[in-house]
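So the chains spell out like this:
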Amino acid sequence: MTTLTDPPKESFRLSMLIYDSRYRSMTIQIVALIAVLTLIGWLISNTAQNLADLGKQPSFSFLGESAGYDINQRLIDYENQDSHLRAAFVGLLNTLLVAFMGCIAATLVGVFVGVLRLSNNWVVARLMTIYVEMFRNVPVLLWIILVMAILIETLPAPRAFRGETPEASMMLGDSVAFTNRGFYVPEPLFSRGIGDVHLFGEAALRFDVSLDLIAVVATFIAGLLISGLITRRADRIQAATGDRPRTWHWKAAVIVIPTVAVLAILGFYLGKPELQGFNFAGGTHMRNSLIALWLALSLYTAAFIAEIVRAGILAISKGQTEAAAALGLRQRRIMSLVVLPQALRVIIPPLISQYLNLTKNSSLAIAVGYMDITGTLMGITLNQTGRELETILIGMLIYLTISLTISFVMNLYNDAVKLRER
Amino acid sequence: MKKTFILGALTVAAMSAGAASAATLDDVKARGKLECGVNTGLVGFAAPDANGRWEGFDAAYCRAVAAAVLGDPDAVEFVPLTTKTRFTALAAAEVDVLSRNTTWTFSRDVDLKFEFVGVNYYDGQGFMAPKNLGVSSAKELDGATVCIQTGTTTELNLADFFRANNISYEPVPIETNAEGQTQYLAGACDVYTTDASGLAATRATFEDPSAHVILPEIISKEPLGPLVRHGDPEWGDIARWTLNALIAAEELGVTSANIEELAAGSDNPEINRLLGTEGNLGEMLGLEADWAKNAIMAGGNYGEIFAKTIGESTPIGLARGLNAQWKDGGILYVPPFR
Ligand SMILES: N[C@@H](CCC(=O)N[C@@H](CS)C(=O)NCC(=O)O)C(=O)O
């Protein structure tokens, strides 16, 4: 028996927007939205007004003008008559270079330290703790400057390598020189190279891709794929017969032989750096600014990654390891088959934000004079053209794009490794 | 209710933003202090001394402006700016005037929208190298590593110079003079290049200045001077005529020693107009009648400031050269005070 009746129909009154809980949250949201939009609108109009008062209309035409300054580190051809856009592109590639190198090094060091921090060896575990605490509790800018100062003050200048009895000498069979301007290392060269492809003709974003490099890398990857097929075949045979055929020599052969062959065909050799005039010539020059930035960023970020890895491993209950051991799995297989696949699920999301942090922190590059996008576009170009608003806006867009791309790629990877529940 | 509050807040914000673009002179008077952009530390030009008091050729100009406007040479807030931050700081009204060995160029004047109020030092870009490097001319620098401050005319001139001479170099960009000094002394760069005056000032701070040579080539014209923002011509006039007053004082023989005496009245009408005992130049600028007297008393006339901060009797040891009065063979020539 129901005694409940519908509540009497109320007509809508304006005060209900505030007093009626059905509408209140909606009202608040709309008011807040209006306020935020007004604020943004005001900021924009205020900026435009102030710029107009100063007589500076926003304009991006400066990007096409000749930059006039030189950049020491460039992955692509550039000279001071090129446009500001080209200079920005050089800077962007330098940002990407240090971010890429940094993420790889930080991951390697981070995983290593994170695992060792769980070691049963008291000394090792403590050392790793000291490393982690030291690096993550001091601002990364200080690390960058410290590494740079050490490089500059402790290593010999190129002129110390000169003379009858030089104060410093090259290492590894006279092929590597450690100087306070950076490291000079041998560079890969091809005597019968097949040249470069020039992309984008004469545009500001033009760049060259070495066909030699593509050929070598493609051969190497093809080798890896074939070796994967060999593994798959071995798995099948093992599943069918219980015997696993010996495959490592086949795998090594399909990876090594074709790659070496391609290198030989292209006439691969190493160009050694040699002292010439004021500096070393030939070889690859890893500038001290790049080394300082790269080392400091990776060691700093590695401290955070170590903690993430440790947390990830600790998140897998000990019962799993024990159960796997009871099934007779060996230690290494327990790690790779049981613990890591589950730990990755915990590790990857925070790892993404560490990669993003590292990339964004790379904008501290100017502290050591590394010409990244902040140093070129948002540094010298901004200064020489006085286009603060425009350059910073482009810079923000670029960092946003890089960050979103990293998140996107890492999320794809996360989807691939995350636990599939059934 | 809520809406009125927001609208109210917006109005206040809008009004305060509007006020920021009003006359700089009123702002400075209301604040009781002049915000003056200077070097991050270049001894002789602007650097804090042992007691933390900013001293130097450029700092003295800031004090003169403060004295002219506020009657107090110490009513200055010195804002250290790098070559990179200086223009943004001036454009954003963080400083009222920038006195920081800044070269007067077309694009800074026209495109960056600043107003250079004159030249207080005629300079040019030079190179410094350790003696034992064995170079005697900048043309021998093919392949050298060169330290340069970013965001300067220096780096543009350098690019031009090496291109014109068809030789190559490796630039090492640095942000402050101090950083450049460290890198240069450690041999991380072979040569250091900047304005010749800056080189002399930098070399003077070295342990062994005689171990370094300044190469003979001067590769550019660097007229250095104070500047203000576009769009406030009255403030620009004050900044310009304060500088002119210091230079004119030297020309007319007005020094900190005899200024009190001359301010009581002299038989040179131009001195009288300058020091405010005749005519109403101060009033035309919107200042007190004794504005120029205060400015000169802050640190002496141009010649006195020069001798005290960077002149031949200081460790920096710069000769007057081009920066002598026109009567003495230099190119300092200020328009008349009338
Ligand atoms: N005059 C040039 C160069 C100015 C410049 O680089 N000055 C240097 C040396 S003279 C300087 O002020 N260094 C001191 C500092 O870093 O704060 C310009 O205006 O662009």
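All values reported here derive from a predicted model rather than from experimental measurement.

Asker: Before we move on, could you go through the packing of aromatic side chains and cite the residues and values that matter?
Answerer: Residue and element names in this part refer to chain B. By the definition in use, this model includes 27 aromatic pairs over all chains. Here Phe-57 and Tyr-302 contribute two aromatic rings whose centre-to-centre distance is 5.8 Å and whose plane-to-plane angle is 80 degrees, an arrangement assigned as edge-to-face. Within this pair, whereas Phe-57 is found in helix α3 (residues 57-70), its partner Tyr-302 is found in helix α14 (residues 302-309), the two being separated by 245 residues in sequence. Judged by relative accessible area, Tyr-302 falls into the buried class, the value being 3%. By way of ring pairs, the aromatic residues Phe-45, Phe-57, Tyr-121, Tyr-302 and Phe-306 are connected into one cluster. Across from the ring centre of Phe-306, 5.0 Å away, lies the NZ or CZ of Arg-320, which sits over that ring.

Asker: Outline the sheet that holds strand β9 (residues 144-149) of chain B, supporting the account with residue identities and numerical values.
Answerer: All names here are of chain B. Spatially, the 5 strands line up as an open sheet ordered β10-β9-β11-β8-β12, and their pairing is mixed. Of all the strands in the sheet, just β10 (169-174) and β12 (212-214) have a single pairing partner and so form its edges. The mean angle between the axes of side-by-side strands here comes to 30 degrees, regardless of whether they run parallel or antiparallel. Contacts from helix α6 (residues 153-164) reach β8 (125-130), β9, β10 and β11 (191-195) within the one sheet, and its direction differs from that of β8 by about 80 degrees. Against the sheet, helix α8 (residues 196-204) contacts β8, β11 and β12, and its axis sits at roughly 125 degrees relative to β11.

Asker: I'd love a proper account of the pairing of β8 of chain B, names of residues and values included.
Answerer: Residues and elements named next belong to chain B. In terms of burial, β8 is a largely internal element, 6 of the 6 residues being buried. Both faces of β8 are covered, namely the face carrying Gln-125, Phe-127 and Ala-129 and the face carrying Gly-126, Met-128 and Pro-130. Bridge count between β8 and β11: 4 bridges; the pairing is antiparallel. Its bridge partner being in β11, Gly-126 is matched across the sheet by Thr-194. Bridge count for β8 against β12 is 3 bridges, and the pairing is antiparallel.

Asker: Lay out the interface of chain B and chain A with the relevant residues and their values.
Answerer: Taken residue by residue, the interface counts 47 residues in chain B and 43 residues in chain A. Carbon and sulfur atoms supply 55% of the area buried between chain B and chain A, which totals about 3,700 Å² over both sides. Listing elements by their share of the side of chain B that touches chain A, those giving two or more residues are α1 (2-19), α4 (86-91), β9, α6, β10 and α7 (177-185) of chain B. With 6 residues, the top contributor of residues to the side of chain B that touches chain A is α1 of chain B. A class-by-class count of the residues in the side of chain B that touches chain A yields 22 nonpolar, 12 polar and 13 charged.

Asker: Any chance you could break down the UniProt feature "transmembrane region" (unreviewed entry) in chain A for me, citing the residues and the numbers?
Answerer: UniProt records the feature "transmembrane region" (unreviewed entry) for residues 23-44, 96-119, 140-161, 213-231, 252-271, 291-313, 334-356 and 392-413 of chain A in the present numbering. Helix makes up 100% of residues 23-44 of chain A and strand 0%, with an end-to-end C-alpha separation of 32 Å.

Asker: Give a description of the sheet that holds strand β9 (residues 284-287) of chain A that names residues and reports values.
Answerer: All names here are of chain A. One open sheet holds the 3 strands; their spatial order is β1-β2-β9, and the pairing between them is antiparallel. Either end of the sheet is taken by a strand with one partner, and the two such strands are β1 (177-179) and β9. Each neighbouring strand pair of the sheet contributes to a mean axis angle of 15 degrees, computed without reference to strand direction. When β1 meets strand β2 (residues 182-185), the two strands line up antiparallel, connected through 3 bridges. Paired with Thr-179 across the two strands is Gly-182, which belongs to β2. In this fold helix α8 (residues 288-314) packs onto β2 and β9, with an angle of close to 55 degrees to the strand it touches most, β9.

Asker: Outline the layout of surface pockets, listing residues and values.
Answerer: Of the pockets and cavities examined, the largest pocket occupies roughly 1,700 Å³. Around the largest pocket, the lining comprises 49 residues; the ones closest to its centre are Arg-74, Leu-75, Ile-76, Glu-187 and Gly-283 of chain A. Taken together, the elements giving at least two residues each to the lining of the largest pocket come down to α3 (84-116), β3 (187-190), β5 (207-210), α6 (211-241), β8 (279-281) and β9 of chain A together with α6 and β10 of chain B. When the residues that make up the lining of the largest pocket are grouped by side-chain class, the tally is 23 nonpolar, 13 polar and 13 charged.

Asker: An account of the state of the cysteines is requested, with residue identities and associated values reported.
Answerer: Residue and element names in this part refer to chain B. Counting across every chain of the model gives 2 disulfides over all chains. Put simply, Cys-36 and Cys-62 are joined by a disulfide, and their sulfur atoms are 2.0 Å apart. Handedness here is read from the sign of the S-S torsion; for Cys-36 and Cys-62, about -60 degrees, the answer is left-handed. With a gap of 26 residues between them, Cys-36 in strand β1 (residues 34-38) and Cys-62 in helix α3 connect regions that are remote in the sequence.

Asker: Hey, could you go over the environment of Leu-185 of chain B for me, with residue numbers and the actual values?
Answerer: Residue and element names in this part refer to chain B. Among the secondary structure elements, Leu-185 is positioned in helix α7. Sequence separation of Leu-185 and Ala-129 is 56 residues, and the distance between their C-alpha atoms is 9.8 Å. Not counting the four nearest positions on each side in its chain, Leu-185 is found in contact with Phe-206 and His-212.

Asker: So what about the site of the ligand? Which residues, and what values?
Answerer: Residues and elements named next belong to chain B. Around the ligand sit 22 residues, and of these Asn-39, Thr-40, Thr-103, Asn-177 and Asp-195 come closest. Between a nitrogen atom of the ligand and a side-chain N or O atom of Asp-195, the distance comes to 2.7 Å. If the ligand stood free it would expose 500 Å²; the protein chains cover 100% of that surface. Among the detected pockets, the ligand sits in the largest cavity. Secondary-structure elements contributing two or more residues to the shell around the ligand are α6, β11 and β13 (222-224). Here the residues of the shell around the ligand sort into 2 nonpolar, 15 polar and 5 charged.

Asker: Please provide a residue-by-residue account of the UniProt feature "domain: Solute-binding protein family 3/N-terminal" (unreviewed entry) in chain B, values included.
Answerer: Per the UniProt record, the feature "domain: Solute-binding protein family 3/N-terminal" (unreviewed entry) sits at residues 33-262 of chain B. The distance from the first to the last C-alpha atom of residues 33-262 of chain B is 28 Å, and the span holds 34% helix and 23% strand.

Asker: Help me get a handle on the confidence of the model for chain B, residues and values and all.
Answerer: Per-residue pLDDT for chain B has a mean of 90; in total, 93% of the residues score no lower than 70. Residue range residues 1-21 of chain B is modelled with pLDDT below 50. Its contacts to residues more than four positions away, or to other chains, number 9 contacts.

What counts, and at which threshold
By convention here, each chain's residues receive numbers from 1 onward along its written sequence. Labels follow written order: the first chain is A, the first ligand is 1, and so on. Confidence filtering applies because this is a predicted model: local features only for residues at pLDDT of at least 70, side-chain atom pairs given and counted only at 80 or more, and all residues used for totals across whole chains, interfaces and linings. For side-chain calculations, the full set of non-hydrogen atoms in the structure is used, while hydrogens and water are omitted. Put simply, two rings from Phe, Tyr or Trp (the six-membered ring, in Trp's case) pair if the centres are within 6.5 Å, and we call them stacked under 30 degrees between planes, edge-to-face over 60, tilted for the rest. Strands here mean DSSP runs of E at least two residues long; helices mean DSSP runs of H or I at least four residues long; both are numbered from the N terminus. Exposure classes here rest on a 1.4 Å probe applied to the protein chains alone. A residue is buried below 20% of its type maximum, exposed above 50%, and partly exposed in between. Counting as a charge over the ring demands two things of the Lys NZ or Arg CZ atom: a distance within 6 Å of the ring centre and an angle within 35 degrees of the ring normal. For two strands to be treated as a pair, DSSP must find no fewer than two bridges joining them. To get an axis, a line is fitted to the C-alpha atoms, and for a helix only the part in contact is used. The angle between two axes follows their N-to-C directions and goes from 0 to 180 degrees. Between two residues, a contact is recorded if the distance between any of their heavy atoms is within 4.5 Å. Put simply, buried area is the surface a 1.4 Å probe can reach on two separate parts but cannot reach once they are joined, added for both. Under this grouping Gly is polar, as are all residues other than the nonpolar Ala, Val, Leu, Ile, Met, Phe, Trp, Tyr, Cys and Pro and the charged Asp, Glu, Lys and Arg. UniProt positions are given in the numbering used here, feature names are shortened, and annotations may be inferred rather than shown by experiment. Any residue with an atom within 4 Å of a point lines the site, the site being either a cavity, points on a 1 Å grid over the protein atoms alone where a 1.4 Å probe fits but cannot get out, or a pocket, an open set with protein on both sides within 12 Å along at least 5 of 7 lines. Grid points are joined across faces, edges and corners, and a volume is the space filled by probe spheres set on the points. Cysteine sulfur atoms are paired as a disulfide whenever they fall within 2.5 Å. Nearness is defined per residue: one heavy atom within 4 Å of the molecule or strand is enough. Here a polar contact is taken to be a pair of N or O atoms separated by no more than 3.5 Å, where protein atoms must pair a possible hydrogen donor with a possible acceptor and residues adjacent in sequence count only if both atoms sit in side chains. Using a 1.4 Å probe, accessible areas were evaluated by the Shrake-Rupley method; residue-level cover was limited to the displayed protein chains. For a molecule to be placed in a cavity or pocket, more than half of its atoms must lie within 2 Å of the grid points of that cavity or pocket. On a scale of 0 to 100, pLDDT captures the predictor's confidence in every residue.

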